[in-house]
Amino acid sequence: MVDRSVELRAGRVGRAHGLDGSFYVTRALPRALQLGASVSVAGKVAAIVRRAGTDSRPIVRLDGVADRAAAEALRGADMTVTAEHAPELADGEWWAHELEGCALLDGEREIGVVRRLIELPSCEALEVERAGTRDRVLVPMVKDAIRRVDVARRVIDVDSAFVGLDADAPAGEAGERGA
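Residues numbered from 1 in each chain as written. Predicted model: local features only at pLDDT ≥ 70, side-chain atom pairs only at ≥ 80, totals over all residues. Heavy atoms only, no water.

Enquirer: How would you summarise the pairing of strand β4 (residues 44-53) if you had to cite specific residues and measurements?
Expert: Pairing analysis gives four bridges linking strand β3 (residues 38-41) to β4, with the strands arranged antiparallel. Looking across to β4, one finds that S38 is bridged to A47. Between β3 and β4, which pair antiparallel in sequence order, lie two residues; one of them, A42, sits at a positive phi of approximately 50°. As paired elements, β4 and strand β5 (residues 58-62) share five bridges and run antiparallel to each other. When the sheet's bridge partners are listed, A52 is paired in β5 with I59. (Pairing = 2+ DSSP bridges. Helix = DSSP H or I, 4+ residues; strand = E, 2+ residues; numbered from the N terminus.)

Spelled out as structure tokens, the structure:
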């Protein structure tokens, strides 16, 4: 079972925008930054009372942040939302914390454990610690590589041949091809 109390990063407070307490959000998770949503910033929970800009460059104002000086005082602070209050995801989408710690298998063969999800320019990738080693490889989150994700069972089934994690290749050699 996935812990719904986990804090998801919704973004980071950027520079102030205007005089009313609005600010840009960097490294934004746009779905979590909707008007009326509650976020935690600098140890306080506040509702988003203004949402402007674009998904790639959102501008928000929080309840209780009334002027430019207050917005600037928060600059650099992380904004989080609990997984319980995060927006619903579509089928085939997962939060990073749901995938971390999952066993990576090819059928019944254990490949390793997912340590984190990495956002790459072309796709997201799982950073996997190979079973029995400290070697880490990247597995792209694409249809040809991922057969099935079962978050409830904490298992991700992959096509190891597609990602270059052949059973007969030495760990270092397969890891270089898989990364």
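Right, picking up where we left off after that structure.
Enquirer: I'd like a rundown of the side chain of E98, residues and numbers included.
Expert: Checked against the element boundaries, E98 lands in helix α2 (residues 96-99). Here E98 falls in the buried class, since its relative accessible area comes to 13%. A polar atom in the side chain of E98 sits 2.8 Å from the backbone nitrogen of W95. (Buried < 20%, exposed > 50% of the residue type's maximum accessible area, 1.4 Å probe, protein only. Polar contact = N/O pair within 3.5 Å; in protein donor to acceptor, adjacent residues only side chain to side chain.)

Enquirer: Go over the nonpolar core, please, and point to the residues and values.
Expert: Core analysis: the largest hydrophobic core is formed by 23 residues, its most contacted members being V13, F23, L33, V39, V41, L62 and M79. For this core, the secondary-structure elements that each account for two or more residues are β1 (7-16), β2 (23-26), β3, β4, β5, α1 (68-74) and β6 (78-82). Here the element with the most residues in this core is β1; it accounts for four residues. Counting residues in hydrophobic clusters, the runner-up holds 18 residues, among them C102, I111, V139 and L165. (Core = buried A, V, L, I, M, F, W, Y, C linked by side-chain atoms within 4.5 Å.)

Without other data, these values stay purely geometric and don't point to any function.
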